Structures are given as structure tokens and as C-alpha cells.
Amino acid sequence: MTFRALERRIKSISPEASASIIDGCVVLKGKCKSYSQVLECGRLAARLHSDGVVNDLYVEGLESKPMYISSIKDEELEAKSFDVCIIGAGVVGCAIAREMSRYKLSTIVVEKEYDVGLRASSRNDGMIHPGIDLRPGQRKTYYNARGNRLYDQLSKDLGFDFVRNGSYVVFDKAWNWLLLPAFIFRRIFNPIDGIRFYSRKKLAKLQGSVASWQKGAMYLPSSGIVCPYQVTISLAENAYSNGVRFSLDTAVLGMQSKDGEITSISTNRGTFKACVVINAAGVYSDIIAQMAGDRFFTIHPRKGTEAILDKEAGYLTSSVVAKIPLGDVKNHTKGGGLVRTIDGNLLVGPSAEETIEREDDSTSSSIIASLFEKHSRTVPALTQRLDITYFSGTRASTYEEDFIVRKGRRVSNIVHAAGIQSPGLTASPAIAIDVCRLALEILRAQGINARPNDSFNPKNPQRIRPSRLDDEQRDALIQKDPAYGRIVCRCEEISEGEIRDALTRPLSVMNMDSVKRRCRVTMGRCQGGFCTPAAAQLISKQAGIPMSKVRKARGYLALCPVKEAQDENQEL
Amino acid sequence: MRTRSFDVAVIGSGPAGMAAAISASDEGSSVVIIDREGRSGGVLKQCVHDGFGLERFHKRLSGPWYAQIESDEVSRRPIEVHQDTFASRIEKTPSGFSIFCSSPRGFERIDCAALIMATGCRERTSKQIAIHGTRPAGIFNAGTAQNMVNIHGILPGRKAVILGSGDIGLIMARRLSLEGCQVIGVYEAKSEPSGLARNIHQCLDDYHIPLYLGTTVTRCIGIERLEAVEVAKTDSSMHPIAGTEQIVSCDTLVISVGLIAENELIKPLGVKMDKATSAPVTDQYSMTSINGLFCTGNCRVVFDLVDTVSKTSMICGRRASQIARKASAGPAVQVVSCTDLAFVCPQVIRMPAGKVQLHFRPKKVLRDYMLTASQDGKIIGQKYYSVLRPAQMEDIEISADESQAEIRLEGESR
Amino acid sequence: MICISCPRGCELSVQGSSDNLIVTGNHCPKGREFAISETIRPQRFLTTTVSVAPGLGCQRLAVISRDPIDLDRLKDLSLSLKSFCIDHEIELGQEVLRLGDAVFLAASSLKKEKPDER
Ligand SMILES: Cc1cc2nc3c(=O)[nH]c(=O)nc-3n(C[C@H](O)[C@H](O)[C@H](O)COP(=O)(O)OP(=O)(O)OC[C@H]3O[C@@H](n4cnc5c(N)ncnc54)[C@H](O)[C@@H]3O)c2cc1C
Ligand SMILES: Cc1cc2nc3c(=O)[nH]c(=O)nc-3n(C[C@H](O)[C@H](O)[C@H](O)COP(=O)(O)OP(=O)(O)OC[C@H]3O[C@@H](n4cnc5c(N)ncnc54)[C@H](O)[C@@H]3O)c2cc1C
């Protein structure tokens with residue numbers, strides 16, 4: 001498409017919109033009638049293959065909610081200075097932090113939430129994608145393939161759970177077989193390890209729960225599963241143990257620059273300096289780029305909702321059963337399906353909904369119902385009855401629908417790891433290696449030669465899970481430390497010792513949901529109905545705070561001790 | 001690994017487990033009780049309100065009082081009580097069952113000839129009834145809120161909305177009011193309250209708490225802590241009606257929307273389940289389809305009254321003791337329910353039975369109702385009810401003779 | 001009015017003046033008693049918890065009033081009980097505290113924890 005053609009088509013979508021080329025990027029300005037028009041214009045602009053799409057179109061009266069900023073305000077970081085500042089502690093930011101910790105540098109990670117990995121990185125499928133549906137030549141494809149292969153070693157070093165349980169891409173129409181040559185051809189550019197094709201009969205034998213009318217499947221043994229927040233936390237713990245500083249509850253609110261260089265970064269906890277800034281801010285990465293004066297892309301948030309089924313549904317599959325992602329190509333999802341999680345539950349989803357909200361975690365019953373509707377066509381025994389909970393996450397998609405991993409265009413001391421949508425979890429270890437390399441180059445240009453960190457330890461302290469030991473080992477463990485014998489969470493069988501460990505590991509956060517993500521307490525079928533008070537009490541003891549000061553996530557779990565209610569009542 | 005052996009093992013020391021243990025011990029068996037918690041009493045420990053024991057002790061006891069009487073009875077007998085002990089896994093053995101338990105003393109195996117499950121029930125969660133919206137702090141199951149207030153002494157919030165008019169919800173409305181929390185109202189999706197009329201009177205009316213029938217909570221609003229909920233009117237199938245939404249400001253949502261029997265430990269053994277109770281099929285002695293495996297109290301069927309739990313569990317304990325000493329179970333006949341009833345428990349009767357109580361709930365309110373039990377066309381029990389309500393469990397006594405024919409229940413409104 | 005004497009929950013109605021009340025709808029004498037007291041002077045048992053000093057095995061002790069208490073006094077009484085703390089062993093049913101004419105009994109026992117327990 002030519003620029004002229006683009007201009008014409010934009011005008012025909014919305015007469016009040018206009019396009020221009022500024023510094024190699026397409027810039028869209030003006031007004032649209034609806035958000036879908038904004039999206040349509042943005043997608044058209046991407047077809048120009050410029051250096052990026054800056055979509056500033058707006059719809060009157062349609063405004064997204066402001067970014068969440070913690071109520072904490074102090075001078076913790078005021079006037080400090082660091083070699084490297086990473087913005088965002090998602091899986092990408094934490095993987096970068098760990099790579100940086102291999103060098104003797106002062107590195108800080110700033111994260112606006114109360115814990116690491118709270119946004120997209122804890123709200124996804126946890127699939128280590130084989131990369132079958134990615135187009136050759138994209139950065140997504142490149143990083144996915146490399147990231148996938150790094151997971152074996154990473155999981156050994158960091159002690160997170162990882163299984164290559166394979167995935168089945170089910171053909172629901174006989175003509176899907178005609179696509180075979182295309183897949184085989186693609187493999188030449190995008191090698192996928194061990195791919196196999198199964199006939200209808202073989203599929204029925206291997207995955208009995210798949211509907212008998214399905215026409216066969218492609219099997220991808222390199223596909224795996226992890227617990228995404230466990231990965232993120234493990235990376236962060238390791239980075240922290242190797243000297244990286246983490247500043248949580250810290251939101252970047254602005255940046256000051258001079259002559260194409262960022263001079264300082266302002267947050268709710270003070271303004272500080274950093275030689276290199278790394279943008280790993282997920283759905284806010286374009287806003288961070290803008291603060292730095294280096295915006296050349298636009299994030300259009302795409303929400304995905306998933307349902308979690310009771311372990312009882314685990315019999316449906318021990319792998320991943322996905323629909324062939326044909327109809328979903330334009331939505332840029334992986335088609336979704338049933339994913340057996342690392343803990344034995346089953347995920348159903350995700351959906352793909354364009355939204356103006358960057359961080360709307362709400363769910364709705366109609367979306368959940370449509371997930372079950374859609375996927376029960378592949379697996380008929382799927383039922384909403386076994387649903388124990390659901391969640392949603394938001395993908396940081398750009399109009400180019402590809403990752404951005406590069407130095408700044410106009411700013412000399414920033415590296416962007418932006419637009420990291422799916423399969424960002426898979427890709428993150430590979431992205432981190434490149435970002436680290438780019439950051440070192442920038443430092444070198446500034447005269448800083450980073451030396452290797454000789455005391456770097458790639459391993460994390462071991463995580464003790466009594467319920468996974470054999471009976472004799474478990475008994476011996478309890479004899480040594482009785483806290484591993486006292487079970488607090490009955491559904492997930494989590495002991496007091498494991499909760500204590502979660503509270504004393506590196507980078508622990510004294511709050512219910514943080515402990516939950518570190519040891520699974522309250523994550524089972526009763527969803528904390530029984531163990532919430534007991535777990536809260538352990539946190540209160542460990543942190544030395546009263547029960548009423550224990551937080552659930554961002555907010556307080558309980559509001560006051562019964563004793564104080566009376567005084568408060570009189571005040572009211 | 002330490003291994004111990006008993007005639008009868010009981011998992012759970014709530015009222016069901018304690019009553020079963022007492023009667024099994026009195027019948028001459030060696031008995032062990034295993035409980036996850038540090039104190040006996042199960043859920044009664046946190047039910048500090050009165051009204052327990054009216055049938056059994058003819059007194060208005062509070063939950064902890066009832067539990068204490070029972071646990072004092074247990075300690076008067078040669079019953080071993082293992083507290084802080086969690087039953088992690090159960091295996092079937094040629095001579096009975098092995099229970100693998102975790103406790104601060106170690107991981108140990110307890111062998112028994114008969115096993116009584118008395119693990120109670122858990123609550124349905126907000127997610128299971130499709131409450132959507134955001135995920136702030138301040139959303140609790142009623143039982144969790146009850147535990148926080150009565151066991152830990154912390155108040156979940158200052159301004160609460162209660163969803164579900166079951167007894168636990170009503171009792172929590174009163175309890176929170178008494179502790180200085182403002183209760184905005186109790187919302188119920190059905191057009192009839194799920195709790196007993198007396199609880200509406202003494203828990204809501206006494207404290208001027210409004211009850212909104214045919215209304216449900218559809219959405220939570222709030223970023224850090226709950227700020228409000230969206231409520232909506234419901235249609236006859238309990239679905240929210242679009243356009244009737246209203247925002248109610250509150251900092252706490254207490255959910256009391258039903259109980260689920262806890263039987264995850266024995267499902268892998270292949271016990272036969274009853275869809276209607278979502279619990280194992282049991283006979284009049286609370287024995288499941290597996291010989292020697294019993295299931296009593298709220299994990300058998302969710303009872304209204306602890307008195308009935310104790311009564312049925314005593315029968316269970318005695319029988320478990322006999323089965324442990326190789327008594328034969330006897331042939332089973334089916335109890336076939338009728339369409340008016342949500343469930344009937346027991347689902348099978350071992351012959352010869354003599355006089356047996358069948359427990360049931362109606363699906364909807366039935367007035368002027370006559371229920372008849374028959375076998376081979378012969379009437380073996382009949383009872384008249386001026387009114388039957390789903391909120392209230394009822395029973396009928398039958399006396400089953402030696403016939404091997406199934407027992408049929410039939411009813412009609414007159 | 002609904003009778004709260006037992007789970008049956010009879011629907012009662014009361015007619016007549018205070019010295020000659022006629023109760024209908026009750027299935028037992030308790031119902032009549034309840035209806036009359038409810039009309040003249042509604043009363044309830046008060047159940048609540050009081051705090052317990054460390055070392056006695058739990059954090060709260062359930063208590064119940066020995067006698068019924070006037071309905072309109074329940075909330076104030078319940079809130080006044082919050083300042084109480086029990087610091088010694090208690091037997092089931094023992095009188096634990098007195099607030100004016102209201103006497104409260106322990107609904108469970110408290111025992112000192114053995115040193116090896118927590
Ligand atoms: C529903 C769904 C399913 C998915 N499934 C998969 C899958 O199966 N496999 C896979 O590989 N990928 C999957 N993905 C993609 C994957 O989750 C993401 O690519 C990955 O988590 C992105 O990591 P991130 O670190 O870039 O983003 P995030 O985890 O969102 O991290 C960004 C962080 O930056 C912080 N931040 C933002 N702005 C600021 C600021 N101003 N100041 C301070 N901090 C800030 C945020 O709070 C956040 O913690 C899925 C995504 C979704 C939504
Ligand atoms: C939240 C809640 C509130 C209630 N409120 C009222 C009320 O106000 N009035 C009323 O009349 N009835 C009430 N009931 C019901 C009433 O208390 C029950 O009828 C009665 O307590 C059931 O007794 P149970 O022994 O079957 O179960 P429970 O009392 O629940 O006892 C089960 C015991 O088993 C233990 N256990 C479970 N699994 C394991 C395991 N794997 N290993 C070891 N131990 C285990 C538990 O810790 C517990 O101690 C309530 C029930 C619930 C759940």
C-alpha cells in the first residue's frame with residue numbers, strides 16, 4: 001500500500017482523521033466515531049511497513065482509566081543513581097534483570113505493583129509455545145524458538161516446574177490436511193522440533209476426550225507448560241540474590257532528557273539517575289517510550305479471559321489440545337484450547353477482546369460461557385461445572401503485531417523490550433539475552449565497561465514441597481523440621497513450613513496473594529475458604545504486624561480487630 | 001515411617017467424627033480420630049451462636065458448648081485423638097484401609113479395618129456462582145468471615161453486603177451487626193429465603209437488616225478494597241435481568257451460597273457417588289459402596305441440625321465396629337426417590353433393616369403433602385407434611401421387611 | 001411472628017391486651033411462652049466471644065449469657081464485652097464475667113498449653 005492510498009482509506013473510515021509521516025513513522029491524528037475505527041486505521045497504517053505506527057486517534061467521551069499508582073509516597077530513591085534501570089518486573093523485566101546480574105553493575109528494577117509478575121506475566125496460559133503458528137521473519141518467531149530451547153536449563157537452575165507435555169493442534173475439517181504442505185514448508189524457515197501428524201484414529205487413541213468427529217491432529221512435542229508467575233518470581237529471586245535491587249510500589253511517572261539522552265527518572269518514591277533505561281513496561285511500554293521522547297509504536301491492549309477447572313477435570317488431557325488457529329489469525333491469538341497446567345488443573349481459553357483499558361482484570365459471564373461453548377466443540381466432555389475460578393490478562397500488542405527489541409530510535413540510552421504479547425513468556429529468556437547485550441553496548445559507549453560478576457550464582461535455593469516427596473523422605477523431612485508436617489491449606493496440601501519459606505525467601509512480599517503465588521496456599525478448590533485466616537496469621541507473625549494490617553493484594557484483607565470495632569463505630 | 005493399627009479410624013473430629021468414634025469405642029473397637037486442626041469440634045468451634053442440641057440435650061447450646069460436651073465424652077474413652085494430623089491419602093488394603101497422614105510428628109501410616117470419613121463440607125465460592133467484575137480485597141465466604149470474627153477476633157469489614165439467605169448467611173448478618181459492622185442487606189437470588197424462618201426473625205428482623213429476595217450480586221467494584229457491588233433483580237431461573245442493575249456501596253461482600261460435601265480423599269478409591277447429594281451413595285449405617293468404608297455427617301449429606309448429624313453418626317460408629325469385626329453387610333436394596341424430592345439419604349438399605357429413617361429435602365415448597373414408601377406394592381412407611389420447604393431437611397420412618405424389592409417413594413399434594 | 005424456640009419455626013399470632021394475651025399457631029407450650037414474652041418484652045440469649053491471653057490454646061473464648069437479655073440491649077452489651085480478656089484456665093459452663101445484671105458463661109474450656117505444644 002502507498003501512503004496516498006492509506007490517507008484515502010483513513011479518510012473514508014473517519015473524515016476527521018488524518019495520517020502523516022514523521023521521522024519515518026506513520027502518525028495518525030484526529031477523531032473517530034468508535035474504538036473499532038481507531039483499530040482499523042491503526043491496522044491499515046501498519047501495512048505501510050514504516051518504522052512504526054503512532055496512533056493518536058481518539059473517540060470523544062471514551063477514555064481509559066488512569067494507571068494504578070500505589071498510595072506509598074516517599075523519598076526512597078531520591079537522588080540515587082544506577083547503571084541500569086529496568087522499568088517493569090514482568091517476566092521480561094525479571095529475565096533481563098537476571099541477565100544483567102551476570103555483570104558487576106548497579107541495576108534497579110522499578111515496578112508499580114506490590115510484587116513482581118502481577119500483570120500479563122501472571123495472567124496467561126503458561127504455555128511454552130512450539131511456535132507453529134508464527135510467521136517466519138518475525139521477531140516473535142525468532143525469540144520464541146530460542147526462548148523455548150532455553151527453558152530446560154532455566155528450569156533446572158531456578159528450580160521452577162517445567163514439563164514438555166506436548167500439544168495437539170486438532171484439525172476440525174478434513175480440508176485442514178491440505179494445509180500440511182504449508183506447515184512443512186514453513187518448517188524450513190522456522191524449525192520446530194519433532195513435529196508429527198496423527199490420523200483421526202491415532203488421535204482418538206492418544207487423546208480420548210477429543211470429539212470423535214475431529215479429523216486428526218498435528219503433534220508438537222516441544223510444547224511445554226510452566227507456572228508463569230513461578231517463572232517470573234524465580235527469575236526475580238535469582239536476580240535479587242545476585243545483587244539486583246528491586247523497588248516495588250514504584251511507578252515511573254516521567255523522565256527528563258537532554259540532547260537525546262535520559263538524565264533522570266521520576267517516580268512516586270523519588271527522582272533518580274540511570275545510565276541505561278530498559279523499557280519492559282508491558283501494556284504501558286508505549287507510554288514509557290513517550291516519556292523518554294522515543295515513541296514510535298502504539299499499544300492496543302488485547303484482553304484474554306481464561307477459566308480454571310478443578311483438578312478433577314485433569315483427566316480430559318495431560319497436554320494441550322488446541323484448535324487449529326485459522327479463524328483466529330486475524331485476532332492474533334493462538335486459537336486457544338485446553339491447557340493442562342503444571343499443577344494439574346485445566347485452563348480453558350483464552351479469549352481475545354480489543355479494549356481501551358490497559359489493565360482491566362475484570363471478567364464477565366458471557367465471555368466465560370463463550371469459551372466453554374467454543375472449546376467443547378473440540379472436547380465435548382468439557383463442562384463449566386468444574387470451573388473453580390477465572391481470570392483475565394491483557395496482551396501488549398502493537399499494530400505491527402510483533403515484538404520490539406531494540407535500542408531507542410532517537411534516545412541514545414534506552415533499550416525497548418516492548419509490545420511483548422504472546423508468546424512473550426516463552427520468548428522472555430531469549431529477549432533478555434539480546435536486551436542485556438544492547439544495554440552493555442550503550443554502557444560501553446558511555447565509557448562504562450561492565451565486568452562479569454564473579455560471584456554470580458545461576459541457581460536458586462531449593463524449594464521444598466513435602467507433598468511431592470515419597471513417604472519415607474517426607475517423614476524424614478518432618479522429623480528434621482516439624483513445620484513441614486503441619487498442613488495449612490487442605491486442598492493443595494501446603495504446610496506451615498512452605499508458607500514460612502515463602503515468607504523468608506529472597507524478595508519475599510508479606511501479603512496474602514504474594515504468598516499464594518509463591519507456595520499455592522489458598523489456590524485450591526475451596527479458594528482459601530478454610531485457610532485464609534490461618535495463612536494470614538502466619539504472615540502477621542512473620543512480618544510482626546497485626547492481622548488487620550495484612551494485605552490481601554493491593555488492599556487490606558480485614559479492616560480492623562474486633563476489639564477496635566467499637567471505638568471505630570463511635571467515630572462513624 | 002511409623003505405622004499404627006486400629007479397628008476403626010475416623011477422619012475428622014467434628015460432631016460427626018466424635019459421635020461415630022464414641023459409639024465405635026463403646027462397641028468394643030480400638031478407635032483413632034484424625035483431625036487436621038489443633039482442637040476438636042470441626043466447624044462447631046466457630047458457630048458461637050446458640051440453638052444447637054435442642055433435640056438431643058433439650059437445651060439451647062452454642063456450637064462450641066455442644067462440641068465440648070462431645071469432646072469431653074471422647075476423652076473419657078480409650079480413643080486416640082491425633083490432632084494437627086492431616087489425612088493426605090487413603091489406600092485400600094486386603095484387610096481394610098491405610099491412611100497416610102502428615103503431622104508435626106512425622107509422616108505416618110494408620111491401618112484400620114473400617115474407615116469412617118467425617119470430613120464435613122466446604123463452601124461454594126464466589127467464582128462458582130459467577131460473580132464477576134474486579135478482584136479487590138473484601139470478598140469472603142460466610143464460613144471464612146465467621147472464622148475470622150469468632151476464632152481470630154478480626155472484623156472482615158465495616159460495611160457488608162451478604163449474598164445468600166441460607167442459615168449461615170443469616171447468622172453472619174447478625175454476628176457482624178453485633179460486632180459493630182454495618183450490614184446493608186441480605187440478597188437472595190431465589191424468590192424464597194433459603195434459611196429457616198426463625199433465623200430470618202432473630203437474625204435479620206431483630207437487627208433491622210433488610211432482606212432482598214429475587215436479587216443477586218452480579219459484579220464487584222473496587223481496585224484495592226471492595227468499594228461497591230452491583231446487584232440486579234433475577235428472573236425465575238435466577239438469572240440477572242438486564243436493566244435492573246443497581247450499585248450498592250460496601251467494603252465487604254459475604255457469600256453464603258451453599259455447601260459442598262468434601263469427599264476428594266475417597267473418590268480415587270472408586271466409591272459410587274450420588275449425583276443428587278454430590279456425595280457417596282450410603283446405606284442406613286452410612287456405609288458406602290465399598291465394604292468397611294463409611295461416610296457420615298456433612299460429607300454424606302448436608303444436614304441442617306447437628307443433632308441429626310450426631311444421631312446418624314452414632315449409628316455409623318456402631319456399625320463400623322461390627323464390620324471391622326467381619327460382620328456381613330447384608331444384601332442391599334435401592335431406594336428410588338420421586339421427582340418432588342431433591343435427594344433421599346440413605347440411597348440403599350441393607351436387609352434386614354427394621355425401622356429406618358430416610359432424610360430428604362423437597363425441590364420446591366410443597367403443601368399438604370403425603371409421602372408414601374412402598375416395597376412390592378406394600379406400604380412400609382407413610383407421613384403427612386403440612387408444608388415441606390427446601391430449607392428444611394425432613395425425614396420419614398420406614399420399616400423394611402426381608403423383601404429384596406426396591407423401595408419406592410411416592411408423594412402427592414392433596 | 002415466627003417462633004424461635006425450635007427449628008420448626010411456627011408462625012404465631014397474638015391477640016388481646018397485655019394482661020390477657022391469646023396465642024394461636026403454636027404447636028407446643030414453648031410457643032405460647034415465646035409469643036407472650038415477645039409481645040411484652042422481647043429477649044434473646046447473647047452469644048459472642050471475648051479475647052484470651054496468649055498461652056491458653058486459642059485467641060477467643062465463646063461465651064453465652066446465662067439468662068435471656070432484652071433485645072435492645074444486645075448490641076451495646078456485645079460491644080462492651082470487647083474490652084474483656086481472659087487470662088486463666090476455664091471450665092465449660094463456668095461463669096466468666098458479669099456486666100451489670102448480665103452473667104456470661106464459658107461455652108468451652110480453656111487449658112494452659114503444655115510447653116511442647118504451640
Ligand atoms: C490471556 C493471555 C494468555 C497468554 N498466553 C501465553 C502463553 O501461553 N505463552 C506465552 O509465551 N505467552 C503468553 N502470553 C503472553 C505473555 O503473558 C506476555 O507476553 C508476557 O507476560 C509479557 O511480559 P512483560 O514482562 O512484557 O509484561 P508484564 O508482565 O505485563 O510486565 C510489565 C510490568 O511493567 C509494570 N509497569 C508498567 N508501567 C509501569 C510504570 N510506569 N512504572 C513501573 N512499572 C510499570 C507493570 O506493572 C508490569 O508488572 C499470554 C498473554 C495473555 C494476556
Ligand atoms: C461454615 C459453616 C457454618 C455452619 N453454621 C452452622 C450453624 O450456624 N448452625 C448449624 O446448625 N449448622 C451449621 N453448620 C453445619 C453444622 O455445623 C454441621 O452440621 C456440622 O458441623 C457437621 O459436622 P461434621 O462433623 O460433618 O463436619 P465438620 O464440623 O466440618 O468437621 C469436619 C472435620 O474434619 C476435619 N478434616 C477434614 N478433612 C480432613 C483431612 N483430610 N484430614 C484430617 N482432618 C480433616 C476438619 O478439620 C474438621 O475438623 C455450618 C457448616 C459450615 C460449613
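Here the structure is a predicted model, which is why all the values come from computation and not from measurement. (Residues numbered from 1 in each chain as written. Chains lettered and ligands numbered in written order. Predicted model: local features only at pLDDT ≥ 70, side-chain atom pairs only at ≥ 80, totals over all residues. Heavy atoms only, no water.)

Asks: Just give me the short version of the interface of chain C and chain B, but keep the residues and values in it.
Replies: The interface of chain C with chain B comprises 35 residues on the first partner and 31 residues on the second. Across the interface of chain C and chain B, roughly 2700 Å² is buried in total on both sides, 57% from carbon and sulfur atoms. The largest per-residue losses of area from chain C upon contact with chain B belong to Ile4, Pro7 and Thr47 of chain C, which jointly make up 20% of the total buried on that side. Where chain C meets chain B, there are two salt bridges. Aspartate 206 of chain B is paired through a salt bridge with arginine 44 of chain C; the nearest N and O atoms lie 2.5 Å apart. At the boundary of chain C with chain B, the tally comes to 14 residue pairs in polar contact (both at pLDDT 80 or more). (Contact = heavy atoms within 4.5 Å. Buried area = accessible area lost by both parts, 1.4 Å probe. Salt bridge = Lys/Arg side-chain N within 4 Å of Asp/Glu carboxyl O. Polar contact = N/O pair within 3.5 Å; in protein donor to acceptor, adjacent residues only side chain to side chain.)

Asks: So what about the site of ligand 1? Which residues, and what values?
Replies: All names here are of chain A. Taken together, 41 residues are adjacent to ligand 1, and Glu111, Ser121, Met127, Ile420 and Thr426 come closest. Contact distances for ligand 1 include 3.3 Å between an oxygen atom and a backbone N or O atom of glycine 424. A total of 1000 Å² of accessible area belongs to ligand 1 in isolation, and the protein chains cover 98% of it. Looking at the shell around ligand 1, the elements with two or more residues in it are α3 (91-100), β17 (299-309), β22 (387-398) and α10 (424-445). Within the shell around ligand 1, the residues separate by chemical class into 18 nonpolar, 15 polar and eight charged. (Near = heavy atom within 4 Å. Areas by Shrake-Rupley, 256 points an atom, 1.4 Å probe, with all protein chains shown as cover. Helix = DSSP H or I, 4+ residues; strand = E, 2+ residues; numbered from the N terminus. Nonpolar A, V, L, I, M, F, W, Y, C, P; charged D, E, K, R; others polar.)

Asks: Could you give an account of helix α11 (residues 471-480) of chain A, with specific residues and numbers?
Replies: Every α-helical turn comprises 3.6 residues, leaving residues that sit three or four positions apart pointing alike. Residues Asp471, Arg474, Asp475, Leu477 and Ile478 of chain A constitute the buried set of α11 of chain A. End-on, the buried residues of α11 of chain A take up no more than an arc of 160°, which puts them together on one face. (Buried < 20%, exposed > 50% of the residue type's maximum accessible area, 1.4 Å probe, protein only. Arc of directions from axis to C-beta.)

Asks: Mind laying out the state of the cysteines, listing which residues take part and the relevant values?
Replies: Scanning the model with the defined rule gives zero disulfides over all chains in all. There is no disulfide at cysteine 41 of chain A, and the cysteine sulfur nearest it, in cysteine 32 of chain A, is 4.5 Å away. In this model cysteine 6 of chain C remains outside any disulfide bridge; the closest cysteine sulfur is found in cysteine 28 of chain C, 6.0 Å from its own. (Disulfide = S-S within 2.5 Å.)

Asks: I'd like a description of the sheet that holds strand β15 (residues 211-213) of chain B, backed by residues and values.
Replies: Residue and element names in this part refer to chain B. Strands sit in the order β11-β19-β13-β14-β15 across an open sheet of five strands; the sheet is parallel. Edge positions in the open sheet fall to β11 (139-141) and β15, since each of these has one partner strand only. Strand-to-strand, the axes of this sheet are offset by a mean angle of 20°, without reference to chain direction. The sheet strands contacting helix α3 (residues 142-150) are β11 and β19 (252-255), and the helix crosses β11 at an angle near 95°. (Pairing = 2+ DSSP bridges. Axes fitted to C-alpha atoms, helices over the stretch in contact; angles between N-to-C directions.)

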